[in-house]
Amino acid sequence: MEISGENEIKSGEKISFKISIENNNRKDINEASLIFNIPDVFREKVDLGTIKSGESVERNFETIIFGGRGKNLESRALLEYKPEGSSSFFAEEDFFSFVIAQSPVIVSFVAPEEARSGEEAKIIVKYFSQSDAKISNLFLRVDYPSNFEYKSSNRKPTEKNNFWSIGDLGPGEEASIEILGVLDGAGSEIMSFGALIGLRSGEDFLSLDETIGSLALRLPYLGLDILPKGERENYIASIGEEIPFLIEWKNNLPEIIQNVSLEAYLEGEAFDLTSIKVRDGIFVSKDKKIFWNQSSYKDFVSIYPGGSGFVGFSLKVKKDISLSTIGKNTILRIKASLKPGKSVPGFEEVKVSGDDEIEIPVSSSIQFSQKGLYFESSIPNSGPLPPKVGQETTYTISWSLANPLNDIKNISIKATLPAYADFKEVFVPVSANVSFDKTTGVLEWKVGTLQGGTGFLTPALTLSFKVGIVPSVTHVGSSPQIISGVEVSGVDSFTEKTLSASQNEITTDLRDDPQLDFMQKIVVE
C-alpha cells in the first residue's frame, strides 16, 4: 500500500491523495477497510470488501487544508483485512508527509526590537494578497502575551480587542492594522505575539497564514508603581472608603538622576478631594494633582543607580454618591509620572521617565433595612398583646433594599426563625420569590437583580411577610426573637465583587411600631 500526493501544498486550496493497494498474497483478502486520516484535519473510512489475489485497488481522497506557511503535516492510511480462511484481522499502514509551502495571503509583524516595561509600544500587523483573485470575508486574529494590555488600534476590533473583520482583499492588495498597548513585566523577557489571517466557519477559524513576532521586554529607565493599600493586585473601591496609596519609585539607569519630580493626577468624580492627606508632597486642588520634588522630599535631590523608595498619600471615595450624582460603572484613575530635572549623561536623546496609571472601579453597596410591626403594618396581625404563653401572636416583618450605583445580581436575603415561630405564608408582593424550610427554620427571599438607583431614583424594593410566634413559659418577662441572623448577599455586576449586608434580630420589642406600649412587648402567662 502506498500514499501519493503533493509534497508542498497551498493553504486553503483543495488537495488530493491517492491510495494504491495491491494484494500480493496468494489468497484473497476479505472484509477489507481503508481509513485515511490527517490528524485534526480529515478522516474518512472506506469499505473495500474483497480484494482478490493479484488485484490492485486505488482510492482518492480530497480535502482542503488550512494553516500557516511552513506547517508540517502527516497523513496516514490504515488497511485492515482478513486473509481468506483466517478469523483474525491483519493491518498494513503507510504515512505521507507534506508541508504548507504557500498561502494566498501573507501576514507579518512589524515591531520594535525591544520595549520598556510600562511604556506604550506599537505593533503593526501587515497582510498582503498573493492570490490572482479577490479573497472575500477575511478575518484577522492577534494573540497577545498575557502581560500585554491593549490600548487602541487604528481599526476598531470586531470582537474583544484582538479580532478584526478585514472583508475583501484584491489581488496584490496590502493593508495593515496598528495596535498600541503596554507590556508589563520584570524585564529581560522575550514577548511573543501571534497573528492568524483566514476565514470563519461558525465558531471555527480557518487559518490561511500564521506568523509569530517577538520583542525583548526591558525595564523602564525609571520604575514607577502606584500601589493601593501597598498591594500590586487590582483594587476595587467601596463607597465612602478611605484608601491609602504608596507610589514606589526606582532608578534603573546606570547614572545618577537629579532634581527629580513626581506628579500624580486624579481623575474621577467619585474622589473626595477634601479628604486628601499627602506625605512629603503638595496637593494642587485646581489641577487635581499631587506633587513631590526635591524641596518637599529630600530623596529627590539625587537618586543613585538602583536607588528606590516610596511616597504616599490617602484619600476617600465620596460616601454620598449615587446615580443621581454620578453614572453607573464608575472608574477612578490615577496617572503618575517621574522625571529628572536635568538631562542624564548618555541618555540625552531619549525620554527618561517613569510612568504608571491605574484604574480603580467603584463598587456599589447593598443598603438594607428591616422593621418589625404589629399595628403599623399593611398586613393585618392578630393574637394577644402582650403575647401570652401558649397563644399565637402574629407580627409583620418588613424588609427594604436600596442600591445607589451599579446593578447588583444574584441578591438573596436569608433569615432564621426560632423553633416557636412559624412563617404564615402571607407576604407582599405576592409575586416575590419567598421560600421557608421548616426543618432548618431558614426563610429566603431570592431577589435576583437589584437595578442601580433603586431607592434613589426609583422606590426601594420591599417585602413584607407575616410571622406567628407561640411563646413558652421560659419567655415570661422577656421579649423573644421573631427573626434573627439576617444576611444579604449579591454580586456587583460591574466589578464582580461580592457584596453583603446584615441586620440584628427583631424581637417582640418592636421599636419601629410607635403604637405599641411597653407592657405590650413583654410575654405574660
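Throughout what follows, the structure given in this document is the object of discussion.

## Concerning the overall build of the protein
Logical step 1: Looking only at helices and strands, the protein has 0 helices and 39 strands in total.
Logical step 2: Its C-alpha radius of gyration of 37 Å places the protein more than 25% over the 24 Å reference for a compact globule of 525 residues.
Logical step 3: Here the C-alpha coordinates of the protein stretch approximately 110 × 85 × 40 Å along the principal axes.
Logical step 4: Per-residue burial over the protein gives 44% buried out of 525 residues.
Logical step 5: Residue pairs at least 24 apart in sequence account for 74% of intrachain contacts in the protein once pairs closer than 6 positions are excluded.

## A short note on unusual backbone geometry
Glycine aside, a negative phi is what most residues show, and trans is what most peptide bonds show.
Logical step 1: Note the cis peptide between Leu 385 and Pro 386, where omega equals 0 degrees.
Logical step 2: Residue Val 428 is joined to Pro 429 through a cis peptide bond whose omega torsion reads 5 degrees.
Logical step 3: Mapping Pro 429 onto the fold places it in the loop between strand S33 (421-428) and strand S34 (434-437).
Logical step 4: Notably, Asn 259 is not glycine yet its phi reads approximately 50 degrees, a positive angle.

## Concerning the environment of Ser 382
Logical step 1: Relative to the helices and strands, Ser 382 is located in the loop between strand S30 (367-373) and strand S31 (393-402).
Logical step 2: The partly exposed category is assigned to Ser 382, whose relative accessible area is 42%.
Logical step 3: Considering only alpha carbons, one finds Ser 382 and Ser 86, 296 residues apart in sequence, at a separation of 91 Å.
Logical step 4: If near-sequence neighbours (up to four positions away) are discounted, Ser 382 is found in contact with Tyr 374, Glu 392, Thr 393 and Thr 394.

## Here's the deal with the environment of Asp 209
Logical step 1: Turning to its location among the elements, Asp 209 is positioned in strand S17 (residues 204-218).
Logical step 2: Sequence spacing of Asp 209 and Thr 325 is 116 residues, and the spatial spacing of their C-alpha atoms is 51 Å.
Logical step 3: Apart from the residues within four sequence positions on either side, Asp 209 is in contact with Gly 67, Gly 68, Arg 69, Ser 103, Val 105, Ile 106, Val 107, Ala 195, Leu 196 and Ile 197.

## Regarding the sheet that holds strand S18 (residues 222-228)
Logical step 1: Ordered in space as S18-S20-S27-S23, the 4 strands form an open sheet in which the pairing is antiparallel. The open sheet is flanked by S18 and strand S23 (271-279), the only strands paired with a single partner. Taking the axes of each pair of neighbouring strands and ignoring which way they run, one obtains an average angle of 20 degrees across the sheet.
Logical step 2: Across 7 bridges, the pairing between S18 and strand S20 (residues 242-251) is antiparallel. Residue Ile 226 lies in a different strand from S20, and its bridge partner there is Ile 247.

## Observations concerning the pattern of salt bridges
Pairs can form between side chains of opposite charge whenever their charged atoms are close.
Logical step 1: Applying the stated criterion to the full structure yields 27 salt bridges.
Logical step 2: In this structure, Lys 151 and Glu 149 form a salt bridge, with 3.3 Å as the shortest nitrogen-oxygen distance.
Logical step 3: For Lys 151, a relative accessible area of 36% gives the class partly exposed.
Logical step 4: Classification of Glu 149 by relative accessible area gives partly exposed; the value is 45%.
Logical step 5: Measuring nitrogen to oxygen at the nearest pair gives 2.5 Å for the salt bridge that ties Glu 248 to Arg 232.

## A few points about the pairing of S17
Within a regular strand, side chains alternate between the sheet's two faces.
Logical step 1: Relative to S17, strand S10 (residues 114-116) runs parallel, the two being bridged by 3 bridges. If you follow Ala 115 over to S17, its bridge partner there is Leu 217.
Logical step 2: Across 13 bridges, the pairing between strand S16 (residues 189-201) and S17 is antiparallel. By the bridge assignment for S17, Ser 201 is matched with Asp 204.

## Comments concerning the sheet that holds strand S4 (residues 29-38)
Logical step 1: Reading across from one edge, S2-S8-S7-S4-S5 is the order of the 5 strands in this open sheet, with mixed pairing throughout. Two strands lie at the open edges of the sheet, namely strand S2 (8-10) and strand S5 (42-51), each paired on one side alone. Along the sheet, successive strands turn relative to each other by an average axial angle of 25 degrees, direction set aside.
Logical step 2: Pairing analysis gives 7 bridges linking S4 to strand S7 (residues 72-83), with the strands arranged antiparallel. Within S7, the position partnered with Asn 37 by the bridge is Arg 76.

## Some details on the packing of aromatic side chains
Logical step 1: Summed over the entire model, instances satisfying the criterion amount to 28 aromatic pairs.
Logical step 2: Judged by centre distance (4.9 Å) and plane angle (75 degrees), the rings of Trp 399 and Phe 465 are edge-to-face. Placement of Trp 399 in strand S31 and of Phe 465 in strand S36 (residues 461-469) is noted, with a sequence separation of 66 residues between them. Of the two residues, Trp 399 and Phe 465, both sit in the buried class.
Logical step 3: Ring centres of Phe 423 and Phe 465 lie 6.1 Å apart, and the angle between their planes is 65 degrees; on these two criteria the pair is classed as edge-to-face. With Phe 423 in strand S33 and Phe 465 in strand S36, this residue pair connects regions lying 42 residues apart in the sequence. Both residues of the pair, Phe 423 and Phe 465, belong to the buried class.
Logical step 4: By way of ring pairs, the aromatic residues Phe 17, Phe 36, Phe 42, Phe 61, Phe 96 and Phe 98 are connected into one cluster.
Logical step 5: Cation over ring: Arg 141 sits above Phe 205, and NZ or CZ is 5.7 Å from the ring centre.

About the thresholds
- Residues numbered from 1 in each chain as written.
- Predicted model: local features only at pLDDT ≥ 70, side-chain atom pairs only at ≥ 80, totals over all residues.
- Heavy atoms only, no water.
- Helix = DSSP H or I, 4+ residues; strand = E, 2+ residues; numbered from the N terminus.
- Rg over C-alpha atoms; globule rule 2.2 N^0.38 Å.
- Buried < 20%, exposed > 50% of the residue type's maximum accessible area, 1.4 Å probe, protein only.
- Contact = heavy atoms within 4.5 Å.
- Pairing = 2+ DSSP bridges.
- Axes fitted to C-alpha atoms, helices over the stretch in contact; angles between N-to-C directions.
- Salt bridge = Lys/Arg side-chain N within 4 Å of Asp/Glu carboxyl O.
- Phe/Tyr/Trp six-rings, centres within 6.5 Å; stacked < 30°, edge-to-face > 60°.
- Lys NZ or Arg CZ within 6 Å of the ring centre and 35° of its normal.

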